[in-house]
Amino acid sequence: MKTIGYIGLGKMGRNMVERLTNAGWRVVAYDTMPANVAEAAKLGAEGAVSPQAVLEQISSPRLIWLMVPHQAIDQVLGEIAPYLQAGDTVIDGGNSNFNETVRRGKELAEKGVHYLDAGTSGGPGGAKEGACVMVGGEKKIFEKYEALFRDIAAPDAYAYMGESGTGHFVKMVHNGIEYGMMQAIAEGFEVLKVSPFNLDLVEVARIYNNKSVIESRLTGWLEKGLREEGVELGAISGSVSASGEGLWTVETAKEFGVPVPVIEKSLRFREESQQKPSFTGKVLSLLRNQFGGHETKVK
């Protein structure tokens, strides 16, 4: 039976576990919150009481998926490293810095442990219905576990990117591009809102998302969010959080000598929005909530 250990059962992890169990995988799951483990068990997974227990409940060569914040990766690896054996494979499915991924891959390789980085796009909905997955690491290990990536991805929505770090690098740039696209949409809708015309912003979003050049999932999420929250977005915060990948993209571009003014401006806007909330910020927050489930309500 296809078997995987799964550590991290937040919004993305819980939904991906459900997708895996529905695809016939035996999933042994752990999270720091027992309630999340209990929820995963209801979805068909086997619960574990610790990261070590995850490894003990599956047979070698073991396959482990990590779906935790990038700040926690080293801690989790430190907990499981003493129990990993040569031939085991660890996959980081979160948004880790690619430089750290390269380092971790080298450290685990010294123990004979394989390390894949899987940049995963699509938010909680994608994790449940089929994500877009960008994989880095040893190609032979990717090929060995290609059925896993096929099962978690939407049709034709996974690919091998290259050596260790490339999956997270490609996902990082993806998120930087996402910053710029969201910024343009949000700014445009503030212009629409303050115009002298009595525009129905829901209808504008709908028509933009119906065979126009800017038709996109983002525009569709905006239409959905405006319908749900009302066009004034009164309950949505105009201060926008940033998760890190936009900053990494800007910093990396500077190292490469590549100007990225659109991404850099969108990052700066989010930083400044903490003191200067606006309708543009509300649209950005709304979009983050729609595709990522981020908390964006006015506190």
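Residues numbered from 1 in each chain as written. Predicted model: local features only at pLDDT ≥ 70, side-chain atom pairs only at ≥ 80, totals over all residues. Heavy atoms only, no water.

## Remarks on the UniProt feature "domain: 6-phosphogluconate dehydrogenase C-terminal" (unreviewed entry) in the chain
Okay, step 1: The feature "domain: 6-phosphogluconate dehydrogenase C-terminal" (unreviewed entry), as given by UniProt, occupies residues 167–296 in the numbering adopted here.
Okay, step 2: Helix makes up 67% of residues 167–296 and strand 0%, with an end-to-end C-alpha separation of 28 Å. (UniProt positions renumbered as here; feature names shortened; annotations may be inferred. Helix = DSSP H or I, 4+ residues; strand = E, 2+ residues; numbered from the N terminus.)

## Here's the deal with the sheet that holds strand E6 (residues 114–121)
Okay, step 1: In spatial order, the strands read E3-E2-E1-E4-E5-E6-E7-E8; together these 8 strands make up an open sheet with mixed pairing. The open sheet is flanked by strand E3 (46–47) and strand E8 (153–162), the only strands paired with a single partner.
Okay, step 2: Across 4 bridges, the pairing between strand E5 (residues 89–92) and E6 is parallel. By the bridge assignment for E6, Asp92 is matched with Asp117.
Okay, step 3: Along the sheet face, helix H1 (residues 11–22) touches strand E1 (3–7), strand E2 (26–30), strand E4 (63–66), E6 and E8 and points at about 170° away from the line of E1. (Pairing = 2+ DSSP bridges. Contact = heavy atoms within 4.5 Å. Axes fitted to C-alpha atoms, helices over the stretch in contact; angles between N-to-C directions.)

## Focus: the packing of helix H12 (residues 245–256) against helix H13 (residues 261–272)
Okay, step 1: Axis separation between H12 and H13 bottoms out at 9 Å; the angle between their running directions is 140°. One finds that H12 runs oblique with respect to H13. The element H12 and its partner H13 pack so that their crossing is left-handed. Taken together, the residues of H13 that come into contact with H12 (itself represented by Gly246, Leu247, Thr249, Val250 and Lys254) are Ile263, Glu264 and Leu267.
Okay, step 2: Each residue belonging to the contact of H12 with H13 can be placed in one class, and the counts come to 4 nonpolar, 2 polar and 2 charged. (Parallel < 35°, antiparallel > 145°, perpendicular 65-115°, else oblique. Left-handed = near helix turned anticlockwise from the far one by under 90°. Nonpolar A, V, L, I, M, F, W, Y, C, P; charged D, E, K, R; others polar.)

## Comments concerning the pairing of strand E7 (residues 131–136)
Okay, step 1: With 5 of its 6 residues buried, E7 lies for the most part within the structure.
Okay, step 2: Bridging between E6 and E7 involves 5 bridges; their strand directions are antiparallel. Looking at the pairing, Asp117 lines up with Gly136 of E7.
Okay, step 3: Pairing geometry for E7 and E8, over 5 bridges, is parallel. Bridging across to E8, Val135 finds its partner in Tyr160. (Buried < 20%, exposed > 50% of the residue type's maximum accessible area, 1.4 Å probe, protein only.)

## Here's the deal with empty space enclosed by the protein
Okay, step 1: For the structure on display, the rule yields 1 cavity of 30 Å³ or more.
Okay, step 2: Taken as a whole, the largest cavity spans an internal volume of roughly 30 Å³.
Okay, step 3: Surrounding the largest cavity, Asn95, Ser96, His168, Lys171, Met172, Glu245 and Trp248 form its lining.
Okay, step 4: Of all elements in the fold, only helix H9 (166–194) and H12 reach the threshold of two or more residues within the lining of the largest cavity.
Okay, step 5: In terms of residue count, the dominant contributor to the lining of the largest cavity is H9 (3 residues).
Okay, step 6: Looking at the lining of the largest cavity residue by residue, the classes come out as 2 nonpolar, 3 polar and 2 charged. (1 Å grid on protein atoms, 1.4 Å probe; cavity = no way out; pocket = protein on both sides within 12 Å on 5 of 7 lines; lining within 4 Å. Points joined across faces, edges and corners; volume = space filled by probe spheres on them.)

## As for the layout of surface pockets
Any empty space left between the atoms is revealed when a probe the size of a water molecule rolls over them.
Okay, step 1: Approximately 1,400 Å³ is the volume attributed to the largest pocket.
Okay, step 2: Together, 50 residues line the largest pocket, and Met12, Asn95, Glu245, Gly292 and His294 are the ones closest to its centre.
Okay, step 3: At the level of elements, H1, helix H4 (73–80), E6, helix H6 (123–129), H9, helix H11 (217–229) and helix H14 (279–292) are the ones that each hand at least two residues to the lining of the largest pocket.
Okay, step 4: Per-element tally for the lining of the largest pocket: the top contributor is H9, with 8 residues.
Okay, step 5: Split into classes, the residues belonging to the lining of the largest pocket amount to 19 nonpolar, 21 polar and 10 charged.
Okay, step 6: Shared between two domains, the lining of the largest pocket holds at least three residues of each, these being domain 1 (3–163) and domain 2 (171–292). (Domains from an automatic or database assignment.)

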